[in-house]
Amino acid sequence: MEIVRLEPEAYGDASTVLARAFLHDPAWVWLIPGEERRARLLPVLLRSSFDFTSADVWGTEGAVRGVARWLPPGPPAVHIGATLRALLVTPARLGRATGMYLAYGRAVEQMRIEVMSGAHWYLAGIGVDPEVQRRGIGSSLLRPGLEGAARQHLPVVVLTNNEANLSFYRAHGFEVVREGETPRGGPRAWAMVRRP
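This text gives an overview of the structure that appears in the document. (Residues numbered from 1 in each chain as written. Predicted model: local features only at pLDDT ≥ 70, side-chain atom pairs only at ≥ 80, totals over all residues. Heavy atoms only, no water.)

Regarding the overall build of the protein
- Scanning the protein from terminus to terminus reveals 7 helices and 7 strands.
- In terms of C-alpha radius of gyration, the protein reaches 16 Å, essentially the compact-globule figure of 16 Å for 196 residues.
- Each principal axis of the C-alpha distribution contributes one length, and for the protein these read about 45 × 40 × 35 Å.
- Relative to its 196 residues, the protein shows a buried fraction of 48%.
- Considering only residue pairs separated by 6 or more positions, the protein has 69% of its internal contacts joining residues 24 or more positions apart.
- Total accessible area computed for the protein in this model is approximately 10000 Å², and 53% of it derives from carbon and sulfur atoms.
- In the protein, the 23 positive side-chain charges and the 19 negative ones have mean positions that sit 4 Å from each other. (Helix = DSSP H or I, 4+ residues; strand = E, 2+ residues; numbered from the N terminus. Rg over C-alpha atoms; globule rule 2.2 N^0.38 Å. Buried < 20%, exposed > 50% of the residue type's maximum accessible area, 1.4 Å probe, protein only. Contact = heavy atoms within 4.5 Å. Areas by Shrake-Rupley, 256 points an atom, 1.4 Å probe, with all protein chains shown as cover. Lys, Arg positive; Asp, Glu negative; His and termini not counted. Charge placed at Lys NZ, Arg CZ, Asp CG, Glu CD.)

Below is the structure:
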């Protein structure tokens, strides 16, 4: 499976693929319980995440069927204009769930910092279109970040809210180092680390 760095013009397609992959993810079900509304909002919410934080975005060559967002070590570049737009538009889209959405984001970032405060690579999101899952695309999408971390002799961190994902990450050398709610009363999360 050929994996390439995606250019910004492919981020719309990437967001659509991630939305399909995360439609039944426990965190998104918790935030947006109605499936129809969730299917409508997820592409927009995920697309905005590409705009306000710089990341290494990888996907399948040609038609985007899988996507991974990797954050290399160090603070990511945050795009202030896009962040401000998201802060204005998100409440209109999410309504009462806005507070939960923001609390979830803070809790995930806090868990990440607690399990790995030093330099590391972070898998900020990975998803494969459900129609082509279990064909090795996810494993291929892990490769750019795992190889980057190996070159720098650094650990890799991933957080998942889906217990079914644990075996996939374990097969790639990750181990659970923390389990908890994100945020308190929210969906269960597992922080996993792959050490150099």
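Some thoughts on unusual backbone geometry
- Residues threonine 182 and proline 183 are joined by a peptide bond in cis, for which omega reads -10 degrees.
- With respect to the helices and strands, the residue proline 183 is situated in the loop between strand S6 (175–181) and strand S7 (188–194).
- One non-glycine residue, arginine 134, lies in the positive phi region at around 70 degrees.
- Within the fold, arginine 134 resides in the loop between strand S4 (121–128) and helix H6 (137–152).
- The class for arginine 134 is exposed, based on a relative accessible area of 84%.
- Not every positive phi belongs to a glycine, and histidine 153 is a case in point at roughly 55 degrees.

Comments concerning the pairing of strand S2 (residues 56–60)
- Counting buried positions along S2 gives 5 out of 5 residues, so the element sits mostly inside the fold.
- Across 3 bridges, strand S1 (residues 3–5) lies against S2 in antiparallel orientation. Looking at S2, one finds that valine 4 is bridged to glycine 59.
- By the bridge criterion, 4 bridges tie S2 to strand S3 (residues 66–71) in an arrangement that is antiparallel. (Pairing = 2+ DSSP bridges.)

Quick notes on the pattern of salt bridges
- Taken as a whole, this structure holds 7 salt bridges when the rule is applied.
- The partner of glutamate 114 in a salt bridge is arginine 178, with the nearest N and O atoms 2.5 Å apart. Taken together, the residues span a long stretch of sequence, with glutamate 114 in helix H5 (residues 98–115) and arginine 178 in strand S6 at a distance of 64 residues.
- Each of the salt bridges in this network shares a partner with another, and the network as a whole consists of Arg20, Arg65, Asp129 and Glu131. (Salt bridge = Lys/Arg side-chain N within 4 Å of Asp/Glu carboxyl O.)

Things to note about the sheet that holds strand S5 (residues 156–160)
- The mixed open sheet is built from 7 strands, whose spatial order is S1-S2-S3-S4-S5-S7-S6. Only two strands of the sheet have a single partner each, and these edge strands are S1 and S6. Taking each pair of neighbouring strands and ignoring which way they run, the sheet shows an average axis angle of 25 degrees.
- Set on the sheet, H5 makes contact with S3, S4, S5, S6 and S7; between it and S6 the angle comes to about 140 degrees. (Axes fitted to C-alpha atoms, helices over the stretch in contact; angles between N-to-C directions.)

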